[in-house]
Amino acid sequence: MRPLTEQEIRGAFVNCSKGEAKRLNVPRDLAQQPWEDLDYLGWHDPKAPERAYLVAELDGRLTGLALRAPAPVARGRSMCSICVTTHSGGVSLVVAPKAGKAGKQGDSVGTYLCGDLACSLYVRGKRDSGEPNRETLGVEERSRRIVVNLSAFVARVTG
């Protein structure tokens, strides 16, 4: 992923108002992000930990999602629907308000996502999920799968 500016990030959100996007807490360490290892930028709001955000470049366009992301529940194994990494209690059911009128009426969609929003780092072996990796696909194919699965989730939010 290419490095993003705060302005690009704020302008990418599709499921919150421009005012909400203007007020959200963007990571202060943008320059230190491991951009070359990211398929998307994901973070939790430090002032409201159950709020999370992700921004990805999909089909040449930046798209940002505001999420409700409770802390992962530590019972048994669970699998992220985006990167297909198995965790011992490190997956959250995140919920995104739908874009547009549907979202304003309370409609939302959810998916299971790595609780720390670090799918890209698990796929590249930079983080350990605490479970054995039995994946047979290479890093490039797994990275493509993140983009495909994330694109499908974004389509459900925007559709």
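Just so it is clear, the model here is predicted, and its values are computed rather than measured.

A few words now on the pattern of salt bridges. Applying the stated criterion across every chain, the model contains ten salt bridges. Across the pair aspartate 37 and lysine 126 runs a salt bridge, and its minimum N-O distance is 3.4 Å. Taken together, the residues aspartate 37 in the loop between α2 (18-23) and β1 (41-45) and lysine 126 in the loop between α4 (119-123) and α5 (139-158) connect sequence positions 89 residues apart. Judged by its relative accessible area of 53%, lysine 126 falls in the exposed class. A salt bridge links arginine 77 to glutamate 131, with the shortest nitrogen-to-oxygen separation between them at 2.8 Å.

What follows is about the confidence of the model for the chain. The predicted structure's coordinates, where accompanied by low pLDDT, should not be read in detail. Taken as a whole, the chain shows an average pLDDT of 92; of its residues, 97% reach a score of 70 or greater. The least confident element of the chain, judged by mean pLDDT, is strand β5 (residues 86-88) at 86; the most confident is helix α1 (residues 6-11) at 97.

Next up on the list: the layout of surface pockets. Considered as a void within the structure, the largest pocket measures approximately 440 Å³ in volume. Around the largest pocket, the lining comprises 21 residues; the ones closest to its centre are Asn15, Cys16, Ser17, Glu20 and Ala66. Listing elements by their share of the lining of the largest pocket, those giving two or more residues are α2, β2 (48-58), β3 (61-68) and α3 (100-104). Class assignment for the residues of the lining of the largest pocket results in nine nonpolar, five polar and seven charged. Estimates place the volume of the second largest pocket at around 270 Å³.

What follows concerns the state of the cysteines. All told, the structure shown has zero disulfides when counted by the stated rule. In this structure cysteine 83 is a free cysteine whose sulfur lies 3.5 Å from that of cysteine 114, the closest cysteine sulfur available. Here cysteine 83 falls in the buried class, since its relative accessible area comes to 0%.

Below, the discussion takes up the packing of aromatic side chains. Applying the stated rule across the entire model yields two aromatic pairs. Measuring from ring centre to ring centre gives 5.8 Å for phenylalanine 13 and tyrosine 53, while their planes differ by 90°; the resulting arrangement is edge-to-face. In this pair, phenylalanine 13 sits in the loop between α1 and α2 while tyrosine 53 sits in strand β2, placing the two residues 40 residues apart along the sequence. Residues phenylalanine 13 and tyrosine 53 agree in their burial class; the two are buried. Where tryptophan 43 meets tyrosine 53, the ring centres are 5.4 Å apart and the plane angle is 35°; that geometry is what we call tilted. One end of the pair, tryptophan 43, is in strand β1; the other, tyrosine 53, is in strand β2, and ten residues separate them in sequence. The residues tryptophan 43 and tyrosine 53 share a single accessibility class, namely buried. Among the aromatic residues, those joined into a cluster by ring pairs are Phe13, Trp43 and Tyr53.

The next point concerns the side chain of aspartate 45. Following the sequence through the fold, aspartate 45 ends up in strand β1. Here aspartate 45 sits buried without a salt bridge, and the closest side chain of opposite charge, arginine 51, lies 4.6 Å off (N-O distance). The residues touching aspartate 45, leaving out its near neighbours within four places in the chain, are Asn25, Arg51 and Tyr53.

Conventions we followed
- Residues numbered from 1 in each chain as written.
- Predicted model: local features only at pLDDT ≥ 70, side-chain atom pairs only at ≥ 80, totals over all residues.
- Heavy atoms only, no water.
- Salt bridge = Lys/Arg side-chain N within 4 Å of Asp/Glu carboxyl O.
- Helix = DSSP H or I, 4+ residues; strand = E, 2+ residues; numbered from the N terminus.
- Buried < 20%, exposed > 50% of the residue type's maximum accessible area, 1.4 Å probe, protein only.
- pLDDT = per-residue confidence, 0-100.
- 1 Å grid on protein atoms, 1.4 Å probe; cavity = no way out; pocket = protein on both sides within 12 Å on 5 of 7 lines; lining within 4 Å.
- Points joined across faces, edges and corners; volume = space filled by probe spheres on them.
- Nonpolar A, V, L, I, M, F, W, Y, C, P; charged D, E, K, R; others polar.
- Disulfide = S-S within 2.5 Å.
- Phe/Tyr/Trp six-rings, centres within 6.5 Å; stacked < 30°, edge-to-face > 60°.
- Lys, Arg positive; Asp, Glu negative; His and termini not counted.
- Contact = heavy atoms within 4.5 Å.

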